[in-house]
Amino acid sequence: MNAPFEKTPGWLDWYAGPSKPRFKLPPGSVDTHCHVFGPGAQFPYAPERKYTPCDASKEQLFALRDHLGFARNVIVQATCHGADNSALVDACLASNGLARGVATVRRNISDAQLQQLHTAGVRGVRFNFVKRLVDFTPKDELMEIAGRIAKLGWHVVIYFEAVDLPEQWDFFTALPTTVVVDHMGRPDVSKPVDGPEFELFLKFMREHDNVWSKVTCPERLSVAGPPALNGEYNAYRDVVPFARRIVEEFPERVLWGTDWPHPNLKDHMPDDGLLVDFIPHIAPTAALQHKLLIDNPMRLYWPEELK
């Protein structure tokens, strides 16, 4: 048994009483961006971590999946666990094939260890470029990893902020895999949706058909903030035009997820039921919803079931 971990001061725990979504998810829907944290007593947090979260177990994640109406999860390695993917692997193995994983790996991982991750359900690696969350990893190391995981049919998930896209453009466009962008590249939604910063991201997707985007995390991007309790859906309205633009222009290359348990939020913790109710505002037709929630994630994470 490991010593108990002390949460980062001011840490916001995930909301334990999510509402039942008004929007009924189509059967087979996939939450393609969520995490497990520990529990720290079983899966210790990494010594080099930038934050210490609350525990958020696989059992709690799967209970949320069922409550919201999802059929499957894609669990993304959290930076607080570093390159120790034990909690992620444990959750995938416990899911009876209903979860896939996106891992963090280092250059020294062996081919046998990569194969073990693949057998457990891992189908991608995450490269994090958000400086407040991780220390810098040399790009030659990242490119070497990308080349190795490409042979397994995996993809690369990249997490960055909009202002950093010009600096990272050449590296991102040289990656030899499908590239999935977390949270639309974190656009500044106080700027115009047709302004130069977001247009550069759209250009990134237009010119590189291996680039996908998660239209996720309105609660992170919104300036307007959470909904007022007036009985009408008005949550995170300022994010809708950005996400909808991507969904409508690139319907075959978009994914959606809750981001549960919502690490490092500072001002409020979202109701995951209301996050699900965000979906029809950004994917307004049944056809777009089916692509976003079922067709695209199945093609990327469970292609063997489509044969």
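Use the structure listed above.
Residues numbered from 1 in each chain as written. Predicted model: local features only at pLDDT ≥ 70, side-chain atom pairs only at ≥ 80, totals over all residues. Heavy atoms only, no water.

## Looking at helix α5 (residues 165-174)
- Buried residues of α5: L165, Q168, W169, F171 and F172, and no others.
- Of the surrounding secondary structure, the elements contacted by the buried residues of α5 are β4 (122-128), α4 (139-150), β5 (155-159), β6 (179-181) and α6 (196-207). (Buried < 20%, exposed > 50% of the residue type's maximum accessible area, 1.4 Å probe, protein only. Helix = DSSP H or I, 4+ residues; strand = E, 2+ residues; numbered from the N terminus. Contact = heavy atoms within 4.5 Å.)

## A look at the packing of aromatic side chains
- If you walk through the whole model with that rule in mind, you get 15 aromatic pairs.
- An angle of 50° between the planes, with centres 5.4 Å apart, marks the rings of W169 and F204 as tilted. Taken as a pair, W169 in helix α5 and F204 in helix α6 lie far apart in primary sequence, 35 residues in all. Across the pair, F204 and W169 agree in class, each one buried.
- An aromatic cluster is defined as three or more aromatic residues linked by ring pairs; in this entry it consists of F129, F160, W169, F171, F172, F198, F201, F204 and F242.
- The ring centre of W302 lies 4.8 Å from the NZ or CZ of R72, which sits over that ring. (Phe/Tyr/Trp six-rings, centres within 6.5 Å; stacked < 30°, edge-to-face > 60°. Lys NZ or Arg CZ within 6 Å of the ring centre and 35° of its normal.)

## What about the packing of α5 against α6?
- Interaxial distance between α5 and α6 falls to 12 Å at its minimum, and their mutual angle equals 10°. Classified by the angle their axes make, α5 and α6 are roughly parallel. Facing α5, whose interface residues are L165, P166, W169, F172 and T173, α6 presents L200, F201, K203, F204 and E207.
- Here the contact of α5 with α6 is composed, by residue class, of seven nonpolar, one polar and two charged. (Axes fitted to C-alpha atoms, helices over the stretch in contact; angles between N-to-C directions. Parallel < 35°, antiparallel > 145°, perpendicular 65-115°, else oblique. Nonpolar A, V, L, I, M, F, W, Y, C, P; charged D, E, K, R; others polar.)

## Observations concerning the side chain of E219
- Following the sequence through the fold, E219 ends up in helix α7 (residues 218-221).
- Buried and without a salt bridge, E219 has R220 as its closest oppositely charged side chain, separated by 4.8 Å.
- There is a polar contact of 3.2 Å between the side chain of E219 and the side chain of H262.
- The residues contacting E219, other than those within four sequence positions of it, are Y236, T258, D259, H262, L265, H268, P270 and L275. (Lys, Arg positive; Asp, Glu negative; His and termini not counted. Salt bridge = Lys/Arg side-chain N within 4 Å of Asp/Glu carboxyl O. Polar contact = N/O pair within 3.5 Å; in protein donor to acceptor, adjacent residues only side chain to side chain.)

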